[in-house]
Structures are given as C-alpha cells and as structure tokens.
Amino acid sequence: MSIVANLQQVKSDIPSNVKLVAVSKFHPEEEIEIAYTAGCRVFGESRMQELDRKQKNLSKDDIEWHFIGTLQTNKVKAIIPYVHTIHSVDSWKLLCEINKQALAAGRIVNCLLEIHVAKEDTKHGFSIEECRSLLTENDWEDLKAIQIIGIMSMATYTDDTSVIRSEFKTVKNFFNELKDSKFKEKDYFTEISMGMSNDYHIAIEEGATIVRIGSLIFGERK
Ligand SMILES: *Cc1c(COP(=O)(O)O)cnc(C)c1O
C-alpha cells in the first residue's frame, strides 16, 4: 500500500475531533512530502537533529511539528523557534528549559506531561504520583511561555488488549482528575495524546484527543 492510501485509511478510521499526528521519524523528507501533498499537516518526530534537518529541508510554514521523543535540556533551544507541541515533558527541569527558551524566542509552546502507565520501564514519564507532586510543589503557573495543554502516554506493547485498555482508562481518569483540580478553569487543558499504530482504536474509545501514528502510514521503520 502507498503512503497516500494508508493515510486515507487511517483518517477514515479516526473521528474528526481526534487529531492525527503522522509520526515520520526515520522516514525521509520525500515521504513527508508525499503525505503533505495528500493533505497532512501534522508530523511527529522523536529526535532533535532529525527534526531540525527535516524542518529546514522541507521549509513549509504550515507544517505543525510535534516532538514526541525523549528530549534532553541541551537540545531544547534548537527546536523552540518552530515546534508546535512537545508531547514528552518528563521533568520539571525540562519544562523550565522549554519555558526559558520559548520566552527568549517570543513564543508560547504547547506541552504535554508524559505519564508512565506501561509495564515496561523503558518508557519514560512521570508516575501519576510524581505528576501530582510536580504540579503541587512547583510554580508551573508562573511559566508564561509554555502552556500545559494535557497529558501524553504510551500503553504496554502487548497483544493483551485488556491491559492496553485498562492503562488508557487510567490515563483518562488522571486527566479528568487534573482537569477538575489543578487545571480547573484552564480552558486550554484539553488534550489526551495516546494511541499508536497498534492500539489507536482502543485509545480513541478510551478518550484520546490526539493519536500518534507512524508505521501504519509510512510503513516499517528501517
Ligand atoms: C514512534 C512513536 C510513535 C508511533 O509509533 P507507530 O507504532 O509506528 O505508530 C508514537 N508515539 C511515540 C512516542 C513514538 O516514539
């Protein structure tokens, strides 16, 4: 199947109020260009240098670049001039650095707090307890150049859909908790980024507002 056909297939599977991030990591500019021509404007990348190269080579102002990988603080500055949303905020230090660089660049950058619910410890993010403390112990409301628009999570990589579903339910419940507590009256706190190629149907059923899909659109990564 072609990228264009894959994209149409995935889009037809996703309700219009759920945002699709086409995860283009490891795929070359030419393939992004094909998806772009087919109407796709939202792309996800997980490595700073790769994102930076693609952003410059493609130089399309109307692409919304989402950063979805682990981000080191010393790599923040490079992507701040153009990054639309950072999905993978996993420390207070990182949030402060994003704010600092965004302030210097005169931008407001959307951030999602990454929540760890999966069984594998290879996956990053805050435990629910850590995330609660982060928002209790720090003056995040003083960070004027970032906006925490929601939370992001990855489920365990497993064939057992009941495990995946229960992890997504946990994420959704935690989102609701934050919406009713720390983010009460924060209209911008609206996003739940969860669901990838293998589990996005379940994620949507469990309340995802953003799905991040790579291999189903672009094929297997080399
Ligand atoms: C690679 C990646 C995806 C996309 O994964 P696919 O299985 O190819 O859809 C989504 N989210 C994150 C955080 C990723 O690193």
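As the structure is a prediction and not an experimental result, all values here were calculated from the model.

1. Quick look at helix α2 (residues 29–37)
Here is step 1: Considered for burial, the residues of α2 that qualify are E29, E31, I32, A35 and Y36. Buried residues of α2, viewed axially, fall in a sector of 160°; they line one side. Of the exposed residues in α2, the ones pointing more than 90 degrees away from its buried face are E30 and T37.
Here is step 2: Residues of α2 that are buried in the fold lie against α1 (3–12), β2 (42–45), α3 (48–58), β3 (64–67) and α9 (215–218).

2. Topic: the site of the ligand
Here is step 1: Taken together, V23, K25, I68, M152, M154, M196, S197, R212, I213, G214, S215 and R221 make up the full set of residues near the ligand.
Here is step 2: At 2.6 Å, a side-chain N or O of S197 approaches an oxygen atom of the ligand.
Here is step 3: Surface burial for the ligand is 90%, taken as the share of its 390 Å² of free accessible area covered by protein chains.
Here is step 4: Here the residues of the shell around the ligand are counted per class, giving six nonpolar, three polar and three charged.

3. Focus: the side chain of S46
Here is step 1: Inspection of the secondary structure assignment puts S46 in the loop between β2 and α3.
Here is step 2: For S46, a relative accessible area of 15% corresponds to the buried category.
Here is step 3: Not counting the four nearest positions on each side in its chain, S46 is found in contact with K25, F67, I68, G69 and T70.

4. Side note on the pairing of strand β5 (residues 109–116)
Here is step 1: With respect to burial, β5 is a largely interior element, seven of its eight residues being buried.
Here is step 2: Direction of pairing for strand β4 (residues 85–89) relative to β5: parallel, over a ladder of three bridges. Bridge pairing in β5 places I86 opposite C111.
Here is step 3: With helix α5 (residues 92–105) bridging β4 and the parallel β5, this β-α-β connection has right-handed handedness.
Here is step 4: Where β5 and strand β6 (residues 146–154) come together, eight bridges link them in parallel fashion. Counted as the bridge partner of N110 is Q147 from β6.

5. Section: the packing of aromatic side chains
Here is step 1: The final tally for this structure, using the stated rule, is four aromatic pairs.
Here is step 2: Here the aromatic rings of F43 and W65 are separated by 6.0 Å at their centres, their planes lie at 45°, and the arrangement is tilted. Taken together, the residues span a long stretch of sequence, with F43 in strand β2 and W65 in strand β3 at a distance of 22 residues. This pair shows no difference in class: F43 is buried, exactly as W65 is.

Calculation notes
Along each chain, the written sequence defines residue order, and numbers are assigned to residues from 1. Reporting in this predicted model follows two pLDDT cut-offs: at least 70 for local features of residues, and 80 or more for side-chain atom pairs to be given and counted; totals over whole chains, interfaces and linings ignore these cut-offs and use all residues. Side-chain measures were taken over the full set of non-hydrogen atoms in the model, leaving aside hydrogen atoms and water. Note on exposure labels: buried denotes an accessible area under 20% of the residue type's maximum, exposed denotes more than 50%, and partly exposed covers the range between, all computed with a 1.4 Å probe on protein chains only. The helix count covers DSSP runs of H or I at least four residues long, the strand count covers runs of E at least two residues long, and both are numbered beginning at the N terminus. Read the arc as the range of directions from the helix axis to the C-beta atoms. Only heavy atoms enter the contact rule, under which two residues are in contact if any of them lie within 4.5 Å. Throughout, near means a residue has at least one heavy atom within 4 Å of the molecule or strand. We define a polar contact as two N or O atoms separated by no more than 3.5 Å, with the added condition that, inside protein, one atom must be a possible hydrogen donor and the other a possible acceptor, whereas residues neighbouring each other in sequence contribute only through side-chain atom pairs. Throughout, the Shrake-Rupley method with a 1.4 Å probe supplies accessible areas, and for residues the shown protein chains are the sole cover considered. Under the scheme applied here, ten amino acids are nonpolar (Ala, Val, Leu, Ile, Met, Phe, Trp, Tyr, Cys and Pro), four are charged (Asp, Glu, Lys and Arg), and all others, including Gly, are polar. When DSSP finds at least two bridges between two strands, those strands are taken to pair. Here, the term right-handed applies to a crossover whose path from the first strand over the helix to the second runs clockwise when the strands point away from the viewer. A pair of Phe, Tyr and Trp rings is counted when the ring centres sit within 6.5 Å of each other, with Trp represented by its six-membered ring. The angle between the planes then sorts it: under 30 degrees is stacked, over 60 is edge-to-face, the rest tilted.

By themselves, these observations are geometric and do not establish any function.
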